[in-house]
Amino acid sequence: MTIRALVFDVFGTLVDWRSGVAREAARLLAPYAPALDAGAFADADSFADAWRSRYNPAMETVRSGARSFVDLDILQTESLPDVLAQFGIVGVPEDVRRELVLAWHRLDAWPEVPDAMRRLRERHLLAPNSNGHVRLMADLARRNGFIFDAILGAGYSRDYKPKPALYRDAVAAFGFAPAETLMVAAHSNDLAVAASHGLSTAHIARPHEHGPAGGETAPTVPVTHAARDLADLADQLGC
């Protein structure tokens, strides 16, 4: 069946969250951090990892029904104090904390992504299907030159992956058959759930997503396409 729309995981698949958050942590927290290295916060990479580790537990409070939907900025704001405490960082003003949360809005794409997105858009409708909300996706798109035909995902479905609504809504939004909608992600668990709802799936290898801890170099579940990067997927789709 012909693929007519692509919906994307964003954090780790399209953008390098770890480097971006670490960069902003180094810039914003150096005056308050106990460990300094040439004027930069020495544990910035570890800080990014620790903050990311709170991502899923925070979303689970919404997925479980324990609370109503709130967007990722609110969840990141709520988890930030624990991360600061973990690193012994005190005295960070509220305006700096707000700016640090906005680090997630200033992430850079992996190098091949902007041009590959341009190629893919020539033949397909494109949208994020991310846990990020509309403003977050809009900011990342503007920063990296992405042009989306819609913004789907958590803000649209008012829930977080891997809840079924996000995959079903992604199909319904464009009105194509599930198999005509390709879920693109660097995470096999995301693709497994998408496939269970009938979507076609494409795995993007991101071996450096987690820095020294690595990332997925190949899918661990059956997929429709397995690609070295997004440019390779564009080649496979004839774009």
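Residues numbered from 1 in each chain as written. Predicted model: local features only at pLDDT ≥ 70, side-chain atom pairs only at ≥ 80, totals over all residues. Heavy atoms only, no water.

A.B. asks: Explain the sheet that holds strand β5 (residues 152–153) to me, using residue names and the numbers behind them.
C.D. replies: Read across the open sheet, the six strands follow the order β5-β4-β1-β6-β7-β8; overall the sheet is parallel. Each end of this open sheet is capped by a strand with a single partner; those strands are β5 and β8 (225–227). The pairing of strand β6 (residues 181–185) with strand β7 (residues 200–204) spans four bridges and is classified as parallel. Its bridge partner lying in β7, Leu182 is registered against Ser200. Strands β1 (5–8), β4 (125–130), β5 and β6 of the sheet are contacted by helix α9 (residues 164–174), whose axis makes an angle of about 160 degrees with β4. (Pairing = 2+ DSSP bridges. Helix = DSSP H or I, 4+ residues; strand = E, 2+ residues; numbered from the N terminus. Contact = heavy atoms within 4.5 Å. Axes fitted to C-alpha atoms, helices over the stretch in contact; angles between N-to-C directions.)

A.B. asks: Just give me the short version of the packing of helix α3 (residues 55–63) against helix α4 (residues 72–86), but keep the residues and values in it.
C.D. replies: At a minimum axis separation of 10 Å, α3 and α4 run at an interaxial angle of 120 degrees. Classified by the angle their axes make, α3 and α4 are oblique. Two packed elements cross with a definite hand, and for α3 against α4 that hand is right-handed. For the pair α3 and α4, the contacting residues are Tyr55, Ala58 and Met59 in the first and Leu72, Leu75 and Gln76 in the second. Each residue belonging to the contact of α3 with α4 can be placed in one class, and the counts come to five nonpolar, one polar and no charged. (Parallel < 35°, antiparallel > 145°, perpendicular 65-115°, else oblique. Left-handed = near helix turned anticlockwise from the far one by under 90°. Nonpolar A, V, L, I, M, F, W, Y, C, P; charged D, E, K, R; others polar.)

A.B. asks: I'd like a description of the environment of Val7, backed by residues and values.
C.D. replies: Structurally, the position occupied by Val7 is in strand β1. The class for Val7 is buried, based on a relative accessible area of 0%. Among all residues touching Val7, those that are not within four sequence positions of it are Ala127, Asn129, Leu152, Ala170, Phe174, Thr181, Leu182, Met183, Val184 and Leu199. (Buried < 20%, exposed > 50% of the residue type's maximum accessible area, 1.4 Å probe, protein only.)

A.B. asks: Residues and numbers for the packing of aromatic side chains, please.
C.D. replies: Within the structure shown, the criterion is met by nine aromatic pairs. Ring centres 6.4 Å apart and planes at 80 degrees place the aromatic pair Phe11 and Tyr55 in the edge-to-face group. Taken as a pair, Phe11 in the loop between β1 and α1 (17–29) and Tyr55 in helix α3 lie far apart in primary sequence, 44 residues in all. Each member of the pair Phe11 and Tyr55 is classed as buried. With a centroid separation of 6.1 Å and an interplanar angle of 85 degrees, the aromatic rings of Phe11 and Trp104 are classed as edge-to-face. With Phe11 in the loop between β1 and α1 and Trp104 in the loop between α5 (94–101) and α6 (113–121), the pair connects residues that are 93 residues apart, well separated along the chain. For Trp104, a relative accessible area of 1% translates into the label buried. (Phe/Tyr/Trp six-rings, centres within 6.5 Å; stacked < 30°, edge-to-face > 60°.)

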